[in-house]
Amino acid sequence: MTRPVGTQIRRWFFLLAGLLLAVDGLLLGGSWVVSQSVTAVTERAQPVAGHAHAVQTEILRAQKELFRHLAEFAPDTSGVLAHLDRLDRHVRQMRQLAGSGWALDELDEIDRSVRRYRKVLGLLAGPAAGIRDWERLREYSATAVRLGADVAQRASALAGRADDEIRALNLRAARLARGARLTAAGVFVGSLVAIWFLVHWWKQFQDVVLEP
């Protein structure tokens with residue numbers, strides 16, 4: 001039994017309206033998911049990477065100042081300590097961003113190495129004003145260099161981990177955006193097909209109603 005004209009028109013109208021709403025919903029949902037992924041990168045991963053790179057820079061500058069002091073181009077280790085103080089600030093900020101797990105373990109190790117580095121600087125300050133024990137200085141400087149290299153290596157690992165997370169989140173965001181676009185395109189094509197059927201049906205309806 002053929003449905004009444006009004007019922008068919010209403011059915012096609014609701015179908016098209018539903019398809020259009022689906023397209024809008026998919027686009028809005030996809031853009032929201034992508035924006036959330038980008039926000040996650042901005043709020044956590046990128047700052048962690050930035051602070052980790054800053055830790056690398058500060059420990060390398062501290063090493064440079066240490067060598068200047070050992071070569072007697074700098075009267076004391078105040079320049080080294082200044083870089084270590086800035087390094088500590090970056091580590092504290094990373095702790096607030098890192099959350100828990102692997103990153104915190106690395107930050108604990110960095111803190112431990114920096115504390116030992118400071119102790120070595122205190123030992124180096126002793127003979128600075130008098131006759132230097134070169135054997136002891138070589139031992140202390142070698143320890144400081146080793147500790148500094150450990151800090152730089154761990155900071156590099158943190159930066160690499162954060163960079164990997166950034167790339168993974170960006171890839172995920174790109175995939176979600178592509179999926180949303182493809183789905184929206186599919187729904188749009190479905191809408192065009194529905195419109196074609198509606199136009200075809202309406203033409204047939206007019207031919208029947210307006211048939212002389």
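It should be noted that the structure appears before, not after, this text.
Since the model is a prediction, treat every value here as computed from it, not as a measurement.

*Asks:* Lay out the overall build of the chain with the relevant residues and their values.
*Replies:* Each helix and strand counted, the chain has four helices and zero strands in total. Starting at the N terminus and walking to the C terminus, you meet the elements of the chain as α-α-α-α. The burial tally for the chain puts 32% of its 212 residues in the buried class. Long-range contacts, defined here as pairs at least 24 residues apart, represent 82% of the contacts in the chain between residues at least 6 apart.

*Asks:* Can you lay out the pattern of salt bridges for me, pointing to particular residues and giving the numbers?
*Replies:* Taken as a whole, this structure holds eleven salt bridges when the rule is applied. Close ionic contact of Glu58 with Arg61 constitutes a salt bridge, the shortest N to O distance being 4.0 Å. Of the two residues, Glu58 and Arg61 are both situated in helix 1 (residues 5-70); the distance of three residues between them amounts to about one turn of the helix. Using a relative accessible area of 8% as the deciding quantity, one classes Glu58 as buried. When the shortest N-O distance is used, the salt bridge between Asp108 and Arg95 registers 2.6 Å. In this pair, Asp108 is assigned in helix 3 (residues 102-125) and Arg95 in helix 2 (residues 78-98), connecting sequence segments 13 residues apart. Through salt bridges with shared partners, one network takes in Glu106, Glu109, Arg112, Asp150 and Arg154.

*Asks:* Account for helix 2, with residues named and values stated.
*Replies:* Along an α-helix, a turn takes 3.6 residues, which lines up residues three or four apart on a common side. For helix 2, spanning 21 residues, the distance from its first C-alpha to its last is 30 Å, which sits close to the expected 30 Å at 1.5 Å a residue. What helix 2 keeps buried is the set Val80, His83, Leu84, Leu87, Asp88, Val91, Met94 and Ala98. Down the axis of helix 2, the sector holding all buried residues measures 150 degrees, keeping them to one side.

*Asks:* Explain a positive patch on the surface to me, and be specific about the residues and the numbers.
*Replies:* Positive charge collects at one region of the surface, where Arg115, Arg116, Lys119 and Arg146 lie side by side. With respect to the helices, strands and loops of the structure, Arg116 is situated in helix 3.

*Asks:* I'd love a proper account of the environment of Gly79, names of residues and values included.
*Replies:* You can see Gly79 is positioned in helix 2. What makes Gly79 partly exposed here is its relative accessible area of 22%. Separated by 15 residues in sequence, Gly79 and Lys64 place their C-alpha atoms 9.5 Å apart.

Parameters and conventions
- Residues numbered from 1 in each chain as written.
- Predicted model: local features only at pLDDT ≥ 70, side-chain atom pairs only at ≥ 80, totals over all residues.
- Heavy atoms only, no water.
- Helix = DSSP H or I, 4+ residues; strand = E, 2+ residues; numbered from the N terminus.
- Buried < 20%, exposed > 50% of the residue type's maximum accessible area, 1.4 Å probe, protein only.
- Contact = heavy atoms within 4.5 Å.
- Salt bridge = Lys/Arg side-chain N within 4 Å of Asp/Glu carboxyl O.
- Expected span 1.5 Å × (residues − 1).
- Arc of directions from axis to C-beta.
- Patch = residues over 30% accessible without salt bridge, like charges linked within 9 Å, V, L, I, M, F, W, Y side chains within 5 Å.
- Areas by Shrake-Rupley, 256 points an atom, 1.4 Å probe, with all protein chains shown as cover.
- Lys, Arg positive; Asp, Glu negative; His and termini not counted.
- Charge placed at Lys NZ, Arg CZ, Asp CG, Glu CD.

By themselves, these observations are geometric and do not establish any function.
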